[in-house]
Amino acid sequence: MIAWGVGSGGVTLSSTDHEAMESAFAGEDWLRVFPGAVVVTLADDAHRLVLQEKLVVVSKEQLNSRAYFVMSPLMGSGTGIYRGFLPSTLWEPLVKKTA
């Protein structure tokens, strides 16, 4: 999962800004698109790094570094299990922010 937005409260990205970020996913196998986020199929860590670099370029060159993004780790191969780690004390605030 990859999500993007801005770093300061009260500031939002326009629909054109979101479209610019989404342009980095051209040719990717999208599973689900949300406003400001996407779930995408990636073959491996190398594929993930290529996509990460595309997002960095879009943020810097098209959005003047206004957009920040977060990429979750890859899921376990064939298991559908999230391999990332988040301390238990952070899940509740994260759920509230993304509700």
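In this text, all values refer to a predicted model and were calculated from it rather than measured experimentally.

K.L.:
Help me understand the pattern of salt bridges, please; the structure alone is not making it clear to me.
P.N.:
Opposite charge on two side chains permits them to pair, given that their charged atoms come into close proximity. For the structure shown, the criterion picks out one salt bridge. For the salt bridge of Asp17 with Arg66, the shortest nitrogen-to-oxygen distance reads 3.1 Å. Placement of the pair is Asp17 in helix α1 (residues 15–22) and Arg66 in the loop between α2 (45–62) and β4 (68–71), with a sequence separation of 49 residues. We classify Asp17 as buried; its relative accessible area is 9%.

K.L.:
What is the right way to read the environment of Ser23 from this model?
P.N.:
Structurally, Ser23 is set in the loop between α1 and β2 (29–34). For Ser23, a relative accessible area of 38% corresponds to the partly exposed category. Between the alpha carbons of Ser23 and Val58 there is a distance of 8.2 Å; along the sequence they are 35 residues apart. The residues touching Ser23, leaving out its near neighbours within four places in the chain, are Val58 and Gln62. Of note is the side chain of Ser23, whose polar atom sits 2.4 Å from the backbone oxygen of Ala20.

K.L.:
Looking at this model, I keep getting lost on the nonpolar core. Mind explaining?
P.N.:
As a rule of thumb, soluble globular proteins bury nonpolar side chains together. Ranked by internal contacts, the top residues of the largest apolar core, which has 17 residues, are Ile2, Trp4, Met21, Phe25, Leu51 and Leu55. Residue assignment for this core shows that the elements contributing at least two residues are β1 (2–5), α1, β3 (37–41) and α2. Looking at this core, the element that brings in the most residues is α2, giving three residues. Not counting chain neighbours up to four residues away, the residues in contact with Trp4 comprise Leu13, His18, Met21, Glu22, Phe25, Gly36, Ala37, Val38, Tyr68 and Phe69.

Cut-offs and rules
- Residues numbered from 1 in each chain as written.
- Predicted model: local features only at pLDDT ≥ 70, side-chain atom pairs only at ≥ 80, totals over all residues.
- Heavy atoms only, no water.
- Salt bridge = Lys/Arg side-chain N within 4 Å of Asp/Glu carboxyl O.
- Helix = DSSP H or I, 4+ residues; strand = E, 2+ residues; numbered from the N terminus.
- Buried < 20%, exposed > 50% of the residue type's maximum accessible area, 1.4 Å probe, protein only.
- Contact = heavy atoms within 4.5 Å.
- Polar contact = N/O pair within 3.5 Å; in protein donor to acceptor, adjacent residues only side chain to side chain.
- Core = buried A, V, L, I, M, F, W, Y, C linked by side-chain atoms within 4.5 Å.

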